[in-house]
Amino acid sequence: MLPSLPLPLISALVLAFVLAVLLLRHDRPGPFAALVGLCALQSAVIALAQHYGIAAFRSLQPITAAAIPPLAWAAFQFSVIRRPHLLRDVVHLAGPLLALAASLILPTLLDALIPALFLGYGGAILLAAWRGTDALPRLPFTAGDTPGLAWKVIALSLMVSALGDMLFTAAALSGRPDWLPWIVALWSSLTLLAVGGVVLMRILGTSKRDPAPRVTSIPHDSNADEELVARLDALLKGRKLYLDPELTLGRLARALHVPIKQLSAAINRNTGGNVSRHVNSYRIREACRTLEAGASVTEAMLASGFNTKSNFNREFRRVTGGTPSAWRRMATGGTPPL
């Protein structure tokens, strides 16, 4: 009789495959890859502890679990908000260290500590990701909604995992050990679905729409806003920074020597849109000129600073009201208005 593979072990194999894809698609393994690797390790630990009954892995399970939420927070921060800062970020080691101490001194504390970590960090990521692209200054403008949606899925997965931990504890305390395998199997399946959604969004880049610009009630000087937007436009036109696919809000703010929030708010108030749309408008105008010169749609997309067709087509339709292919056909019979 062939040995069966428990669902957590299948989840670990899928996550390991995802990790391999991420490492092959990027020059340097980032914190997101480390997060996927840790999740793969945790799934394997769960399988070895719960399905195969290896005691050593039962002791390891809460420690590796406690490391996932702070690593997810670090990956989120370093990917889309700010650069790492050792002294500021070392505090996030408190969760895994507390889990280690609790496992040695008071194991029952883990029943509250682990869900609290997953709920707390998951809620913090969800709140930050929900604020839109202007709140994610390290996110390239060409990325569209995809990374934000991916991080929302990750945040919700952390919070759902906390619910699974609580159900697992409740089943054990109520004397229903027969429920435990079903709970493990169900939440492992949810993990697979969540990871699948994240991979589709990150790798295939299926973004749907732009987030609505945030409205701020902070007192402002309209003349100062107009001056800042004029400086931004001069910078974009003079150095053609919009052609860089990796351009971010943070880089623009540093080039203008102003705080990120000030630049974002000035664009919101002065144009009614966000910085991403403002920059992408320049890119679309460049794409139109390239199409009129006889370039293909793909050549125009790459030449104007976009790197995904979904985002390029969406932004092109937003700015021009039509598709790149239609614009190119119109250009062969005359110059269409922009």
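For the structure itself, consult the block above.
Below is a summary of the structure that appears in this document. (Residues numbered from 1 in each chain as written. Predicted model: local features only at pLDDT ≥ 70, side-chain atom pairs only at ≥ 80, totals over all residues. Heavy atoms only, no water.)

**Quick look at the side chain of D225**
Note that D225 resides in helix α9 (residues 222-239). A relative accessible area of 8% means that D225 is categorised as buried. Polar contacts involving the side chain of D225 include one to the side chain of R269, which spans 2.9 Å. (Helix = DSSP H or I, 4+ residues; strand = E, 2+ residues; numbered from the N terminus. Buried < 20%, exposed > 50% of the residue type's maximum accessible area, 1.4 Å probe, protein only. Polar contact = N/O pair within 3.5 Å; in protein donor to acceptor, adjacent residues only side chain to side chain.)

**Concerning unusual backbone geometry**
Look at K240: it is not a glycine, yet its phi comes out positive at around 50 degrees. By secondary structure assignment, the location of K240 is in the loop between α9 and α10 (249-256). At H257, a position not held by glycine, the phi torsion is positive, near 60 degrees. Tracing the chain through its elements places H257 in the loop between α10 and α11 (260-271).

**Side note on the nonpolar core**
If you look at the biggest cluster of nonpolar residues, it comprises 34 residues, and the most contacted ones within it are F76, A99, I114, F118, I125 and W151. Secondary-structure elements contributing two or more residues to this core are α1 (7-25), α2 (31-51), α3 (55-80), α5 (94-105), α6 (110-129) and α7 (146-173). It is α6 that contributes the most residues to this core, 10 residues altogether. (Core = buried A, V, L, I, M, F, W, Y, C linked by side-chain atoms within 4.5 Å.)

**A word on the packing of aromatic side chains**
Evaluation of the coordinates by the stated rule reveals six aromatic pairs. Each ring, one from W73 and one from F76, has its centre 6.0 Å from the other, and the planes form 40 degrees; the classification is tilted. Note that W73 and F76 are positioned in helix α3 at a spacing of three residues, about one turn of the helix. Both residues of the pair, W73 and F76, belong to the buried class. Look at F76 and W151: their rings are 5.4 Å apart centre to centre, the planes differ by 70 degrees, and that puts the pair in the edge-to-face class. Taken as a pair, F76 in helix α3 and W151 in helix α7 lie far apart in primary sequence, 75 residues in all. As far as burial versus exposure is concerned, F76 and W151 are alike and both buried. Through a chain of ring-to-ring contacts, the aromatic side chains of F306, F312, F316 and W327 assemble into a single cluster. (Phe/Tyr/Trp six-rings, centres within 6.5 Å; stacked < 30°, edge-to-face > 60°.)

**Remarks on the environment of D244**
Its location among the elements puts D244 in the loop between α9 and α10. Judged by relative accessible area, which is 24%, D244 ranks as partly exposed. Linking D244 and R283, residues 39 residues apart in sequence, is a C-alpha distance of 9.7 Å. Discounting residues that sit within four places of it in the chain, D244 has contacts with R251 and R283. (Contact = heavy atoms within 4.5 Å.)

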